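Observations on the three-dimensional arrangement
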There are 2 protein chains.
Amino acid sequence: MKHTLYIVGFGPGSYEHMTQKAIDVMKTVDEIVGYTTYVNLVKEYFPEQNYMTTPMRKEAERCLFAIEQVEEGKDVALISSGDSGVYGMAGIALQLVQERKSDIHVEVVPGVTASSASASVLGAPLMHDFATISLSDLMTPLDLIMKRVECCAMGDMILCFYNPRSKKRNDYIIKAVEKILLYQKESVPVGIVRHAGRQEEESFLTTLGELKDFENWEEEKKNKLDMFSMVIVGNSSTYVKDGKMITPRGYQI
Amino acid sequence: MKHTLYIVGFGPGSYEHMTQKAIDVMKTVDEIVGYTTYVNLVKEYFPEQNYMTTPMRKEAERCLFAIEQVEEGKDVALISSGDSGVYGMAGIALQLVQERKSDIHVEVVPGVTASSASASVLGAPLMHDFATISLSDLMTPLDLIMKRVECCAMGDMILCFYNPRSKKRNDYIIKAVEKILLYQKESVPVGIVRHAGRQEEESFLTTLGELKDFENWEEEKKNKLDMFSMVIVGNSSTYVKDGKMITPRGYQI
């Protein structure tokens, strides 16, 4: 009998935002494989399961281990937060399965991605065309990232920034804002959500003008912008009212 | 006691892709309000519930009705497929609540959006920066839509097209492809998924070059491109292998 590698996106992290399918798969597989932080997020919900963790940036090893487990006759869930198909493990897992000419069954289980989870906290910023850009240049040249930011701003698109800031990439978000400001006003609203959909969730609203001045923010506020945060920059019609960030879609109301 | 308007995205349509929260809300509210097609999709899972349907394009009326029900002391779920925060009902509902100065509680419940559901069917096309563009010009001028398409192609971004074709908008997808071809090769893979994540799901792979020639497709194949379809256009590094559409993320494997 063929066994299955499920590539599972379990959403923001809390049980309530997992899909029924993700829950069913994690409950029933023989082994759950993931990066330590992700495993810690789901362990409390499925304490009886077998887990195997690998450190960050060992994506290929993690996938290979999961594939081998399936080849040996187990059903395995390779997990990541958000949607496994958005900057997730689906790509590298499929690539490795193909390279090995492995005949295991692979199923990608989609989840609620971070931009959706963050938008729901802020109000309704994604009612219009938007782009999703990662500010991590580990695997994409910074020039290309910034070109994309500028192209999207030129098209007056809403922007969702994944991985907006790390210790080594302290100022990329400022560079990105400078590109956007070539086309947008300083008053355009920006929503920042940290740990969207998790217990520690926090969010606040700012503007492109204020974010340009990020270097001068107080340390405590600066720290709310890190690898656990999502930055959503509105388009020219986005506004804030009663604490909600809204991009109107043009219905007659 | 304050009652709540839940703006629920129930994902592609099948029970398995609903989040736990969406299920809990739909099970427990006093009334479920939605466009007829959406209500028919969820009714079979929650047959005991009270439903109120309104026709398509009556978004404001539907929201107002839902808000009034909450004001009268009910908990209400205003439902849509996918993620309620992506081209969904979250925006107009929040706008109307604010306009009425209603003091009801509003909660946006995020779901699996159509681009995630479609990507999981095709393989792993969204491993890199991507844009989400609706080809419906009901509420966005066609020129702006096409400008966005061109800007994103210029930035070598993956593109997800919502509402790619209707009877009145037969050729917009061709116009979009022509814009993309100013920057991309004809060989760039395109994945088309219809009814992603539902029982009737079907998908196929094509290329920008073939899609440019859409007018000459056989009628049966043409009909697979409609308002229930999602079109995902790769970037310059996207490829197809063993029937899977993959945008590699640059891991060392």
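I will try to describe carefully the structure that is included in this document. Values in this document were obtained by computation on a predicted structure and should not be read as measured data. (Residues numbered from 1 in each chain as written. Chains lettered and ligands numbered in written order. Predicted model: local features only at pLDDT ≥ 70, side-chain atom pairs only at ≥ 80, totals over all residues. Heavy atoms only, no water.)

Considering the nonpolar core
In this structure, A:F161 and B:F161 are the most contacted members of the largest nonpolar core, which totals 57 residues. Excluding residues within four positions of it along the chain, B:F161 makes contact with B:I133, B:L135, B:V149, B:I173, B:A176, B:I180, B:S229, B:M230, B:V231 and B:V233. By size, the runner-up hydrophobic cluster in this structure holds 32 residues, among which are A:C160, A:Y162, B:V112 and B:Y162. (Core = buried A, V, L, I, M, F, W, Y, C linked by side-chain atoms within 4.5 Å. Buried < 20%, exposed > 50% of the residue type's maximum accessible area, 1.4 Å probe, protein only. Contact = heavy atoms within 4.5 Å.)

Comments concerning the sheet that holds strand 11 (residues 229-233) of chain B
Here we have 10 strands laid out as an open sheet, ordered 10(A)-9(A)-11(A)-8(A)-7(A)-7(B)-8(B)-11(B)-9(B)-10(B), and mixed in their pairing. The strands lining the two open edges of the sheet, one partner per strand, are strand 10 (202-207) of chain A together with strand 10 (202-207) of chain B. Direction aside, neighbouring strands of the sheet carry axes that sit 15 degrees apart on average. Judged from the five bridges that link them, strand 7 (residues 130-134) of chain A and strand 8 (residues 158-162) of chain A form a sheet pairing that is parallel. Across the sheet, the residue bridging to A:T132 is A:C160, located in strand 8 of chain A. Strands in contact with helix 6 (residues 142-154) of chain A are strand 7 and strand 8 of chain A; relative to strand 7 of chain A, the strand with the most contacts, it is inclined by about 165 degrees. (Pairing = 2+ DSSP bridges. Helix = DSSP H or I, 4+ residues; strand = E, 2+ residues; numbered from the N terminus. Axes fitted to C-alpha atoms, helices over the stretch in contact; angles between N-to-C directions.)

Some thoughts on the pattern of salt bridges
Pairing between side chains of opposite charge can happen when their charged atoms approach one another. Across all of its chains, the model carries 26 salt bridges over all chains by this definition. In this structure, B:D129 engages A:R148 in a salt bridge whose closest nitrogen and oxygen atoms are separated by 2.8 Å. With B:D129 in the loop between strand 6 (123-124) and strand 7 (130-134) and A:R148 in helix 6, the pair connects residues from two separate chains. Classification of A:R148 by relative accessible area gives buried; the value is 1%. B:D171 is the partner of B:K175 in a salt bridge, and the nearest nitrogen-oxygen pair spans 3.7 Å. (Salt bridge = Lys/Arg side-chain N within 4 Å of Asp/Glu carboxyl O.)

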